[in-house]
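In case you want the letters, here they are:
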Amino acid sequence: MGIELFGLLILGFSASVLAFLLGIGGGALIVPVMTVFFGYPVHEAIAASLVVIVISSLSLTSVNLLKNMVNIRFALFMESMAVAGAFMGGVITVSISQRSVSMVFAATMFLTAYLMYNSRSEDTSLAERPEKTSEFDNDYYDAVEGRMKYYTVKKPYATGSVAGFAGLASGMLGLGGGVFMVPAMNILARMPIKAATATSNFMVCFTSASAAIPYLLKGYLHPSATATMVIGAVLGSKFSTSRLTKVKSRKIRLMFIFFVLYVALQMLYESVHL
């Protein structure tokens, strides 16, 4: 039991680091590791993942808000669709098999990785504040370059529709939704990757909290495993916000692509073996 709890502590820590760098919440790491390596039932793994994501996102977002990395207006706009999708996804998954759902999302993630790889990789931020074109336009301080950067948000409604789909994914698979929201904000809305990941971390807190409700009502939460991972996640968030703030955007983008491919392969594997 001691070794298992230590492993869960490391898992929570690792998930929080991934959440900071990629804005994905960490659920795509927690769910497969808990089910494959620790033998937890998939519904318990999803419930634990969603709770850990909420705590991790709160911890990371408190720092990102102070640095003005989070586009709050745009996040709340997208969350209006994501939260509804998350709750619906949770209700669906506690009642049905995940085989067909996992296959659909695996295919979607392969497509997401392809779009991220082939999309324009230039910096979408601006050196000077532009004339305001949208209520969602924002700025942030880039710690790597040591200067302010500005950006305009494109296609907000198209990006918002993806957020609804991301919420559904969060509820059905415990992913947090960031694995879809970050590419949508980067590719469709043309937000810089750092602003997109910080905004995603803010959003997945609400999305995951909504998605967790059906699982908690069904009694799927495993208290000791979840509490251990929460402790690891808090430690991981403190480490990330103090040591990893100067990671370059290009590295974040490449890490995100490889991570999405990993999740797609994992979900495809699970769909075959369910």
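Residues numbered from 1 in each chain as written. Predicted model: local features only at pLDDT ≥ 70, side-chain atom pairs only at ≥ 80, totals over all residues. Heavy atoms only, no water.

**Remarks on the nonpolar core**
Note that soluble globular proteins tend to have their nonpolar side chains buried in a common cluster.
Stage number 1. By size, the foremost hydrophobic cluster in this structure holds 76 residues, and its most contacted members are Met-34, Phe-74 and Met-191.
Stage number 2. Ranked by the residues each element gives to this core, the list is headed by helix α8 (residues 193-217), at ten residues.
Stage number 3. Contact partners of Phe-74, with chain neighbours within four places excluded, come to Phe-136, Val-153, Pro-156, Thr-159, Met-185, Ala-189 and Met-191. (Core = buried A, V, L, I, M, F, W, Y, C linked by side-chain atoms within 4.5 Å. Buried < 20%, exposed > 50% of the residue type's maximum accessible area, 1.4 Å probe, protein only. Helix = DSSP H or I, 4+ residues; strand = E, 2+ residues; numbered from the N terminus. Contact = heavy atoms within 4.5 Å.)

**Digging into the side chain of Thr-152**
Stage number 1. With respect to the element layout, Thr-152 can be found in the loop between β2 (147-151) and α6 (156-173).
Stage number 2. Classification of Thr-152 as buried rests on a relative accessible area of 11%.
Stage number 3. Only 3.4 Å separates the side chain of Thr-152 from the side chain of Lys-154, close enough to count as a polar contact.
Stage number 4. Aside from chain neighbours lying at most four places away, what touches Thr-152 is Pro-130, Thr-133, Asp-137, Ala-189 and Arg-190. (Polar contact = N/O pair within 3.5 Å; in protein donor to acceptor, adjacent residues only side chain to side chain.)

**A few points about the packing of helix α1 (residues 2-22) against helix α3 (residues 42-66)**
Stage number 1. As a packed pair, α1 and α3 sit with axes 10 Å apart at the nearest point and diverge in direction by 40°. Here α1 lies oblique to α3, going by the angle between them. Here α1 and α3 pass one another in a crossing that is right-handed. On α3, the residues touching Ser-16, Ala-19 and Phe-20 of α1 are Ser-56, Leu-60 and Asn-64.
Stage number 2. Each residue belonging to the contact of α1 with α3 can be placed in one class, and the counts come to three nonpolar, three polar and no charged. (Axes fitted to C-alpha atoms, helices over the stretch in contact; angles between N-to-C directions. Parallel < 35°, antiparallel > 145°, perpendicular 65-115°, else oblique. Left-handed = near helix turned anticlockwise from the far one by under 90°. Nonpolar A, V, L, I, M, F, W, Y, C, P; charged D, E, K, R; others polar.)

**Some thoughts on helix α4 (residues 72-93)**
Stage number 1. With 22 residues, α4 ought to run about 32 Å at 1.5 Å a step, and its terminal C-alpha atoms sit 30 Å apart, in line with that.
Stage number 2. For α4, the principal kink sits at Glu-79 and spans about 40°.
Stage number 3. What α4 keeps buried is the set Phe-74, Ala-75, Phe-77, Met-78, Glu-79, Ala-82, Gly-85, Ala-86, Gly-89, Gly-90 and Thr-93.
Stage number 4. Along its buried surface, α4 packs onto α3, α6, α7 (178-188) and α8. (Expected span 1.5 Å × (residues − 1). Bend = angle between axes of the 7 residues up to and from the residue.)

**Describing the side chain of Ser-57**
Stage number 1. Inspection of the secondary structure puts Ser-57 in helix α3.
Stage number 2. Among the residues examined, Ser-57 registers a relative accessible area of 0% and is labelled buried.
Stage number 3. Setting aside residues up to four positions removed in sequence, Ser-57 forms contacts with Asn-201, Val-204 and Cys-205.

**Focus on helix α9 (residues 223-243)**
Stage number 1. The first and last C-alpha atoms of α9 sit 30 Å apart over 21 residues, in line with the 30 Å expected at 1.5 Å per residue.
Stage number 2. The secondary structure elements touched by the buried residues of α9 are α1, α2 (27-36) and α3.

**Considerations on the confidence of the model for the protein**
Stage number 1. Across the protein, the average pLDDT comes to 82, with 90% of residues at or above 70.
Stage number 2. Within the protein, the lowest mean pLDDT, 72, falls on helix α5 (residues 99-118), and the highest, 92, falls on α9. (pLDDT = per-residue confidence, 0-100.)

**Some details on the packing of aromatic side chains**
Stage number 1. With the rule as written, the count across this model stands at ten aromatic pairs.
Stage number 2. Look at Phe-77 and Tyr-157: their rings are 5.5 Å apart centre to centre, the planes differ by 85°, and that puts the pair in the edge-to-face class. Here Tyr-157 lies in helix α6 and Phe-77 lies in helix α4, a separation of 80 residues in the sequence.
Stage number 3. Residue Phe-77 is classed as buried on the basis of its relative accessible area, which comes to 19%.
Stage number 4. Judged by its relative accessible area of 65%, Tyr-157 is exposed.
Stage number 5. With a centroid separation of 6.3 Å and an interplanar angle of 55°, the aromatic rings of Tyr-140 and Tyr-151 are classed as tilted. With a gap of eleven residues between them, Tyr-140 in strand β1 (residues 138-142) and Tyr-151 in strand β2 connect regions that are remote in the sequence. (Phe/Tyr/Trp six-rings, centres within 6.5 Å; stacked < 30°, edge-to-face > 60°.)

**Here we look at the environment of Gly-26**
Stage number 1. With respect to the helices and strands, Gly-26 occurs in the loop between α1 and α2.
Stage number 2. Each residue touching Gly-26, except ones within four places of it in the same chain, is listed here: Ala-15 and Ala-19.

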